[in-house]
Amino acid sequence: MTKLIISVIVAVWVVTIALVSVQNASLVSLRFVFWRSIDLPWGLILSGAAAIGFILGGCIPLLGNSTTDDRK
């Protein structure tokens, strides 16, 4: 649980830094099949992807086997 909290804190900081840095960024849009997003600053997309990666990386240990190995 601690790793998840740390990952969320780092993700929030990455997004905050991106929001501050959008002043001088070029606009891009994400395209997937027929879906297209609005034009967003490149830094915001990049930091959003990093934030999602941090959050998912923090959740991966929670998905594993939580039983302890008592082999001696």
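Note that the structure is a prediction, hence the values are computed from the model and not measured. (Residues numbered from 1 in each chain as written. Predicted model: local features only at pLDDT ≥ 70, side-chain atom pairs only at ≥ 80, totals over all residues. Heavy atoms only, no water.)

Novice: Residue-level account of the packing of helix H1 (residues 2-21) against helix H2 (residues 42-63), with values.
Specialist: Each pair of packed helices can be summarised by the angle the axes make with each other and by the distance between the axes. Two elements in contact, H1 and H2, have axes separated by 8 Å at closest approach and are oriented at 180°. Judged on the interaxial angle alone, H2 and H1 are roughly antiparallel. Of the residues in H2, those in contact with Lys 3, Leu 4, Ser 7, Val 8, Val 10, Ala 11, Val 14, Val 15, Ala 18 and Leu 19 of H1 are Gly 43, Leu 44, Ser 47, Ala 50, Ala 51, Phe 54, Ile 55, Gly 58, Cys 59, Pro 61 and Leu 62. Taken together, the residues that form the contact of H1 with H2 break down as 16 nonpolar, 4 polar and 1 charged. (Axes fitted to C-alpha atoms, helices over the stretch in contact; angles between N-to-C directions. Helix = DSSP H or I, 4+ residues; strand = E, 2+ residues; numbered from the N terminus. Parallel < 35°, antiparallel > 145°, perpendicular 65-115°, else oblique. Contact = heavy atoms within 4.5 Å. Nonpolar A, V, L, I, M, F, W, Y, C, P; charged D, E, K, R; others polar.)

Novice: Summarise H2; cite the residues concerned and give the values.
Specialist: Because the α-helix completes a turn every 3.6 residues, residues three or four places apart line up on one side. The end-to-end C-alpha separation of H2 is 32 Å, in line with the 32 Å expected for 22 residues at 1.5 Å each. Taken residue by residue, H2 has Ile 45, Ser 47, Ala 51 and Gly 58 as its buried positions. (Expected span 1.5 Å × (residues − 1). Buried < 20%, exposed > 50% of the residue type's maximum accessible area, 1.4 Å probe, protein only.)

Structural measurements only, silent on function.
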